[in-house]
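Fold and geometry: a report
Chain residues, written in single-letter form:
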Amino acid sequence: MTPLILTISGGPRKDGCSARLLRRFTAGWQAAFIHYDAYECRFAPCSDCRFCREHEGCAIDDMDGFFADFERADGIVFASPVYNMSFPAPMKAVIDRMQRYYSARFFLGQRPPIARFRPAALLLSAGSHDEDGSIVASQLRKIFTVTNCELTCSVIVNNTDRGGCVADKENEIRSAAALFAASVGLITNSSQ
Ligand SMILES: Cc1cc2nc3c(=O)[nH]c(=O)nc-3n(C[C@H](O)[C@H](O)[C@H](O)COP(=O)(O)O)c2cc1C
């Protein structure tokens, strides 16, 4: 069966570095893709209403489709710029809305809240030469503890404010993409 890959972009620029990185990372994959653009989706932030402590799911229904796709995907790819050492606000809203899975695990006793394991990749762009993306990676690893995902690879393109670009990381992108593809079990066209 063709693997289903969920991609989530966290940057506002359609042809920005993180968008290009995502395109390069997934080039040649024989997969079905579902893409979410956090800036276009404008998902509401978590309001800590605590509905999810007593009910399965979220009281705000704008992410119902996203959650269904997130749970059925075979692999997840997060692509985002680094803003003030974190995700841009619309992407951070997506991360915070994963609170429903913490509640499912710790208040509703679901072990695990999502039955299927899914590998995940993190692709980042950063203006500075020394941003390592570790805070963003930690944020993802935290939600992965309750969403049955594991960060199998990450790539960061640095120094984009001074000409850094996707081509700088060509070899790293290829190896990370091959690793991720193997973990998801998808076939790649390596000439891409
Ligand atoms: C609001 C804002 C905050 C930013 N904060 C950081 C930061 O903390 N560290 C960093 O290295 N670059 C930072 N940058 C630079 C972006 O990460 C960089 O320009 C990135 O390549 C943009 O991604 P894009 O090309 O996909 O849009 C920031 C940019 C903006 C607009």
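This report concerns the structure included in the present document. (Residues numbered from 1 in each chain as written. Predicted model: local features only at pLDDT ≥ 70, side-chain atom pairs only at ≥ 80, totals over all residues.)

1. A closer look at the overall build of the chain
To keep things clear, this is the line we draw: Only DSSP runs of H or I covering at least 4 residues are called helices, and only runs of E covering at least 2 are called strands; the numbering of each starts at the N terminus. Residues with at least 20 other C-beta atoms within 10 Å of their own are called buried, those with 12 or fewer are called exposed, and the rest are partly exposed. The C-beta atoms themselves are positioned from the backbone. By the criterion used throughout, residues are in contact when their C-beta atoms, derived from the backbone, lie within 7 Å.
Broken down by element type, the chain carries seven helices and five strands. Scanning the chain from its N terminus toward the C terminus, one meets helices and strands in the order β-α-β-α-α-β-α-α-β-α-β-α. If one aligns the C-alpha atoms of the chain with their principal axes, the spans along those axes are about 50 × 40 × 25 Å. Here the chain, with 192 residues, has 38% of them falling under the buried criterion. Look at the contacts in the chain between residues 6 or more apart in sequence, and 78% of them connect residues 24 or more apart.

2. Some points on the nonpolar core
Applied cut-off: Put simply, a nonpolar core is a cluster of buried Ala, Val, Leu, Ile, Met, Phe, Trp, Tyr and Cys residues tied together by C-beta atoms within 7 Å.
Judged by nonpolar contacts, the single largest core of 48 residues is most densely connected at L21, F25, I76, V77, F78, A121 and L123. For F78, the residues in contact, after removing those within four places along its chain, are I8, G10, A120, L122, L123 and L140.

3. Overview of the site of the ligand
Defined as follows: Defining nearness, a residue is near a molecule or strand when the C-beta atom obtained from its backbone falls within 6 Å of it. Three residue categories are used. Nonpolar comprises Ala, Val, Leu, Ile, Met, Phe, Trp, Tyr, Cys and Pro, charged comprises Asp, Glu, Lys and Arg, and polar comprises the others, including Gly.
The immediate surroundings of the ligand are formed by 18 residues, with G16, S18, P81, G127 and T160 found nearest. Element by element, the count of residues in the shell around the ligand is highest for helix α1 (residues 17-26), at three residues. Classifying every residue of the shell around the ligand by side-chain character gives seven nonpolar, eight polar and three charged.

4. Focus on the pairing of strand β4 (residues 118-125)
Two faces belong to every sheet, and in a regular strand the side chains alternate between them. Stated precisely, the cut-off is as follows: Note on pairing: DSSP must find at least two bridges between two strands before they are called paired. Whether a crossover is right-handed depends on one test, that the path from the first strand over the helix to the second runs clockwise when the strands point away from the viewer.
With eight of eight residues buried, β4 is to be regarded as a mostly interior element. Side chains of β4 alternate between two faces, with R118, A120, L122 and L124 and P119, A121, L123 and S125 buried alike. Across six bridges, the pairing between strand β3 (residues 75-81) and β4 is parallel. When the bridges of β4 are listed, F78 appears paired with L122. Strand direction decides the pairing type here: β4 and strand β5 (residues 149-157), joined by eight bridges, are parallel. What sits directly across from S125, in β5, is V157. Assessed by its sense of winding, the connection that carries the chain from β4 through helix α6 (residues 134-147) to β5 is right-handed.

5. Brief notes about α1
In an α-helix, one turn spans 3.6 residues, which is why side chains three or four residues apart end up on the same side. Across the 10 residues of α1, eight count as buried, placing the element largely inside the fold. Along α1, the positions that sit buried rather than exposed are C17, S18, A19, L21, L22, R24, F25 and T26. Considering only its buried residues, α1 is in contact with β1 (4-9), β3, β4, β5 and α7 (170-184).

6. A look at unusual backbone geometry
Here the bond from R111 into P112 is cis, since omega is -5 degrees, no more than 30 degrees from zero. Following the sequence through the fold, P112 ends up in the loop between α5 (99-106) and β4. Positive phi is not limited to glycine here, since R42 has a value of about 50 degrees. The topology assignment puts R42 in the loop between α2 (38-41) and α3 (64-72). Despite not being glycine, M85 has its phi angle at roughly 70 degrees, a positive value. Mapping M85 onto the fold places it in the loop between β3 and α4 (89-96). A tally of 12 C-beta atoms within 10 Å means that M85 is categorised as exposed.

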